[in-house]
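Read off the chains here:
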Amino acid sequence: MYTEKVMDHFQHPRNVGEIENASGVGTVGNAKCGDIMRIYLDIDENQIIRDVKFKTFGCGAAVATSSMATELVKGKNIQEAMQVTNKAVMEALDGLPPVKVHCSLLAEEAIHAALWDYAEKNGIKIEGLEKPKSDIHEGEEEEEEEY
Amino acid sequence: MEKLIYLDNAATTKTSPEVVNAMLPYFTEHFGNPSSVYGFAAANKEVITKQREIIAGVLGAKANEIYFTAGGTESDNWALTATAEAYESKGKHIITSKIEHHAILHTCEYLEKRGYEVTYLDVDENGLVDPKAVEAAIRPDTILISIMFANNEIGTIEPIAEIGRIAHEHGVLFHTDAVQAFAHVPINVDECNIDMLSASGHKLNGPKGIGFLYIRKGVKIRSFIHGGAQERKRRAGTENVPGIVGLGKAVELAAASMKERMDYETELRDYLISRIEKEIPYCRLNGDRVKRLPNNVNFSFQFIEGESLLIMLDMKGICASSGSACTSGSLDPSHVLLAIGLPHEIAHGSLRMTLDEETTKDDLDYVVDNLKEIVAQLRSMSPLYEDFVKKQEKNKTEA
C-alpha cells in the first residue's frame, strides 16, 4: 500500500521530538479524524529554520508526511519553507495512496501553523501565509477521557 | 519474514489441510454437475445432502432447512431483503442493532430507501443489546428482528436465546448473523428460537466463497438468486460442490473439537488480556469480559492510532486488525467502537487480535513484549500523549 520511502520515514521518522522555547509551534488536525500533527520550529535571527521537530498522532502516512515535511524545511529560510507544499511532500515520498492525500495537506498546514505562530510572536507578516484553519483544541473535551 | 503470528482469525482462517483434501477430488474427478442425469454427476447430489445433514446436525436443524450460499454476506442480504419482500403485507418495520456487520447495516439502508423502516438499537458499553429494548421496539408492523450472535470486532456474545424468545412470543421472525459464532460456540436454533441464521465457511477453517443460510421450515422467503431449481428453487446456480464439501468437512471438524477449542482459546484469551492490562497503561478492553467469543481480544490504547500500530506489529511478523478509520479508507473509526461509547480518538487506537487453536502462549508472550514497546514508541511521538503528560505534571505541581 505504501511506497518504500513512506515506509522508511514511518519506520525511521526524522526529527521526532519537541523544542523547548521554540520560535513557533503549530498543531493541526483533530482527534476525530484520527490525525494530529504538531511542528516545532527553531528560527534564527536571519529567519533561517535552524531546527525542526514534530510529534504526530496518526496513521503511517501521517507520520511519514510529517517526517518528510520537517526534512524539507530544515535549513531553509521562512520564504523557502512556504514553498513546501503538500504536493512537494508527496513527491518526495514517491506518492501516497489516494485516501492518504489529506495527510500531506495536514503536513503543509502544520508547517504553516508553526510559521504563523512565529510570525505572531515576532510581529511580522509572512508573504502568502494565512491563519491556520484547523486546530487541535476542537477536540479538547474528548481528550479528557482516560482509562 | 520468518516469524508469522497470525492473530486475525476473525478476518479469515487458514483452510485446514483435511478440508482441502476433502475438496480436491471434486475439482478433477467428481466434477459433474449435480443436476445432470448420468450417475457420476448425479452422485454429487447425495454428497451435497450429506453436507447439509452435517451442518443441520450441529445446529439442531433439519437438512432441508440449510441453503448454501456464497458466504455470510449473501446470507445476510438474502435473509433481510427476501423476508422484507415476502412479509411486506404484514408490515415494513425491521429491528436490528447499531453494531451489526455492514452486510446487515447496508442492506437495512437499502431497504430504508425502498420504504422500510429500521430501528437500530443501542448497545451498552460492552456491546450488549438489551432484550427489553428489543421488546419495546416491536410494533404491530414489525416483520423481522436481526441481531448478530456475536460481534465480529469486540467479540461480545448477544443474549440470543432471550431475544429469540421475545421474537417468538410476539410472532416476529428472528434472524441472527452467526458468522463469527457458528462452530465456535454452541448454537441450537430451536432453543434460541432462531428462524434464520447466516454463517460462512472461511471463518471456521473452511474455504472462502461458501456459506449457508438456515431457514426454518415454514418461513416464507423469496428466492434471492433467480435461475435453475437448485437449493429447493430458492437459490439458483450450479452448486459449488467443492466449496460445499469443504464447508461440510470444516463444520464436522470444528464441531468435533469445539469444546476443547473453547477451553484452550478462552484460557489463552484471558492470559493475553491480563498481560496487556497489567503491563500497558492507559488501555481499555473493548467488549464484554465474560459474554465473549473465546478467541477475541480487543483493546484501545489511548494516545495512539491503530494503523501505525498495525504496521509496526506487521514489521514484527504479527498480523492483527484495527477499528481505525485509516484501515478502512474512511475518516470515521469503527461504528461498533463508537456505538459502545468510545470517543473518536480512542476508537482510532484500537487493536483486535483473534486467536485460533494453533496460537500458543509463547506467541502471545512475543506479541505482548513487542506490543509494549510499540505502544510506548508511538506514544513518545504522539502530541496527545505529550499534552497528557504535561497536564499531569501541572496538576502535580499545583497539588
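Residues numbered from 1 in each chain as written. Chains lettered and ligands numbered in written order. Predicted model: local features only at pLDDT ≥ 70, side-chain atom pairs only at ≥ 80, totals over all residues. Heavy atoms only, no water.

## A closer look at the overall build of chain B
Summing up its helical and strand segments, chain B has 13 helices and twelve strands in all. Across its three principal axes, chain B shows a C-alpha extent of roughly 85 × 55 × 35 Å. Counting across all 399 residues of chain B, residues that qualify as buried make up 59%. As displayed, chain B offers around 16100 Å² of accessible surface, 53% of which is attributable to carbon and sulfur atoms. Charge separation in chain B, taken as the distance between the mean sites of 43 positive and 57 negative side-chain charges, equals 3 Å. (Helix = DSSP H or I, 4+ residues; strand = E, 2+ residues; numbered from the N terminus. Buried < 20%, exposed > 50% of the residue type's maximum accessible area, 1.4 Å probe, protein only. Areas by Shrake-Rupley, 256 points an atom, 1.4 Å probe, with all protein chains shown as cover. Lys, Arg positive; Asp, Glu negative; His and termini not counted. Charge placed at Lys NZ, Arg CZ, Asp CG, Glu CD.)

## Section: the UniProt feature "domain: NIF system FeS cluster assembly NifU N-terminal" (unreviewed entry) in chain A
Mapped onto the present numbering, the UniProt feature "domain: NIF system FeS cluster assembly NifU N-terminal" (unreviewed entry) falls at residues 1-122 of chain A. Annotation note: span residues 1-122 of chain A, helix share 46%, strand share 20%, distance between end C-alpha atoms 42 Å. (UniProt positions renumbered as here; feature names shortened; annotations may be inferred.)

## Comments concerning helix H3 (residues 39-59) of chain B
Residues spaced three or four apart along an α-helix face the same direction, because each turn holds 3.6 residues. Residue and element names in this part refer to chain B. Its 21 residues place the ends of H3 31 Å apart at the C-alpha level, agreeing with the 30 Å of an ideal helix rising 1.5 Å per residue. Buried-residue contacts for H3 involve helix H2 (25-28), strand E2 (66-69), strand E7 (196-200), strand E8 (211-215) and helix H8 (241-279). Phi turns positive one or two residues past the end of H3, at glycine 60, with a value near 70°. (Expected span 1.5 Å × (residues − 1). Contact = heavy atoms within 4.5 Å.)

## Details of the interface of chain A and chain B
Opposite the 34 residues of chain A that make contact, chain B presents 32 residues. Both faces considered, chain A and chain B share a buried interface measuring about 2800 Å² in area, 62% of it formed by carbon and sulfur atoms. Linking chain A with chain B are five salt bridges. Our count for the contact surface shared by chain A and chain B stands at twelve residue pairs in polar contact (both at pLDDT 80 or more). Those elements that place two or more of their residues in the side of chain A that touches chain B are helix H1 (4-11), strand E2 (35-43), strand E3 (49-57), helix H2 (60-73) and helix H6 (140-143) of chain A. When residues in the side of chain A that touches chain B are grouped by element, the largest group, four residues, is from E3(A). Here the residues of the side of chain A that touches chain B are counted per class, giving 18 nonpolar, six polar and ten charged. (Buried area = accessible area lost by both parts, 1.4 Å probe. Salt bridge = Lys/Arg side-chain N within 4 Å of Asp/Glu carboxyl O. Polar contact = N/O pair within 3.5 Å; in protein donor to acceptor, adjacent residues only side chain to side chain. Nonpolar A, V, L, I, M, F, W, Y, C, P; charged D, E, K, R; others polar.)

## Some words on the sheet that holds E2(A)
All names here are of chain A. The three strands lie next to each other as E1-E2-E3, forming an open sheet whose pairing is antiparallel. The open sheet has two edge strands with one neighbour each: strand E1 (24-30) and E3. Averaged over all pairs of adjacent strands, the angle between their axes in this sheet comes to 10°, without regard to strand direction. Contacts from H2 reach E2 and E3 within the one sheet, and its direction differs from that of E3 by about 175°. Sitting on the sheet, helix H5 (residues 101-122) touches E1 and E2, and the angle it makes with E1 is about 145°. (Pairing = 2+ DSSP bridges. Axes fitted to C-alpha atoms, helices over the stretch in contact; angles between N-to-C directions.)

## Overview of a nonpolar patch on the surface
Nonpolar side chains collect at one region of the surface, where B:Val20, B:Leu24 and B:Phe27 lie side by side and expose about 260 Å² of accessible area between them. Residue B:Val20 is classed as partly exposed on the basis of its relative accessible area of 33%. (Patch = residues over 30% accessible without salt bridge, like charges linked within 9 Å, V, L, I, M, F, W, Y side chains within 5 Å.)

## Considerations on the sheet that holds strand E12 (residues 350-354) of chain B
Residue and element names in this part refer to chain B. Read from one edge to the other, the open sheet built from three strands follows the order E9-E10-E12, with strand pairing classed as antiparallel. In the strand order of this sheet, the two ends are held by strand E9 (283-285) and E12, each with one partner. On average, each strand axis in the sheet is inclined to that of its neighbour by 25°, with strand direction left out of account. Across three bridges, E9 lies against strand E10 (residues 296-301) in antiparallel orientation. By the bridge assignment, cysteine 283 is partnered in E10 with phenylalanine 301.

## Quick notes on unusual backbone geometry
All names here are of chain B. Phi is positive for lysine 233, which is not a glycine, with a value near 65°. With respect to the secondary-structure elements, lysine 233 resides in the loop between E8 and H8. On the basis of relative accessible area, lysine 233 is assigned to the exposed category, the value being 62%. If you check the backbone angles, tyrosine 282 has positive phi at about 55° while not being a glycine. Structurally, tyrosine 282 can be placed in the loop between H8 and E9.

## Regarding the packing of aromatic side chains
Residue and element names in this part refer to chain B. Per the counting criterion, the structure on display carries ten aromatic pairs over all chains. Measuring from ring centre to ring centre gives 5.9 Å for tyrosine 38 and phenylalanine 40, while their planes differ by 20°; the resulting arrangement is stacked. Residue classification places phenylalanine 40 among the partly exposed residues on the basis of a relative accessible area of 40%. Aromatic side chains phenylalanine 303 and phenylalanine 388 sit 4.7 Å apart centroid to centroid with 40° between the ring planes, which places their arrangement in the tilted category. Residue phenylalanine 303 is located in the loop between E10 and helix H9 (306-315), and its partner phenylalanine 388 is located in helix H13 (residues 383-398); the two are separated by 85 residues in the primary sequence. In this structure an aromatic cluster arises from ring pairing among Tyr282, Phe303, Tyr385 and Phe388. Between lysine 220 and the ring centre of tyrosine 87, over which it is positioned, the NZ or CZ distance is 4.9 Å. (Phe/Tyr/Trp six-rings, centres within 6.5 Å; stacked < 30°, edge-to-face > 60°. Lys NZ or Arg CZ within 6 Å of the ring centre and 35° of its normal.)

## Section: the packing of H1(A) against H2(A)
Each packed pair of helices is defined by two parameters, the angle between the axes and the distance between the axes. All names here are of chain A. Closest axis-to-axis distance for the H1/H2 pair is 8 Å, and the angle between their directions is 85°. Between H1 and H2, the angle falls in the class roughly perpendicular. Seen from H1, the contacting residues are Val6, His9 and Phe10; seen from H2, they are Gly60, Val63, Ala64, Ser67, Met68 and Glu71. Here the contact of H1 with H2 is built from residues that sort into five nonpolar, three polar and one charged. (Parallel < 35°, antiparallel > 145°, perpendicular 65-115°, else oblique.)

## Remarks on the pairing of E8(B)
All names here are of chain B. Of all five residues in E8, five are buried, a share of seventy percent or more. A two-sided burial pattern is seen for E8, the buried positions comprising Gly211, Leu213 and Ile215 on one face and Phe212 and Tyr214 on the other. The pairing of E2 with E8 spans four bridges and is classified as antiparallel. Its bridge partner lying in E8, threonine 69 is registered against glycine 211.

## Thoughts on the packing of H2(A) against H5(A)
Residue and element names in this part refer to chain A. Two numbers describe how H2 lies on H5: the axes approach to 9 Å, and their chain directions differ by 40°. In terms of orientation, H2 lies oblique with respect to H5. The chirality of how H2 crosses H5 is right-handed. Residues Ala61, Ala62, Thr65, Ser66, Ala69 and Val73 of H2 lie in contact with H5, whose contacting residues are Cys103, Ser104, Ala107 and Ile111. (Left-handed = near helix turned anticlockwise from the far one by under 90°.)

## Digging into helix H5 (residues 102-113) of chain B
All names here are of chain B. The terminal C-alpha atoms of H5, which comprises twelve residues, lie 16 Å apart, in line with the 16 Å expected from a rise of 1.5 Å per residue. Three or more residues of H5 are buried, namely Ala103, Ile104, Leu105, Thr107, Cys108 and Leu111. In this fold, the buried residues of H5 make contact with helix H4 (72-86), strand E3 (93-97), strand E4 (117-121), strand E5 (142-146), strand E6 (173-177) and helix H10 (335-339). The first or second residue beyond H5 is glycine 115, which carries a positive phi of 95°.

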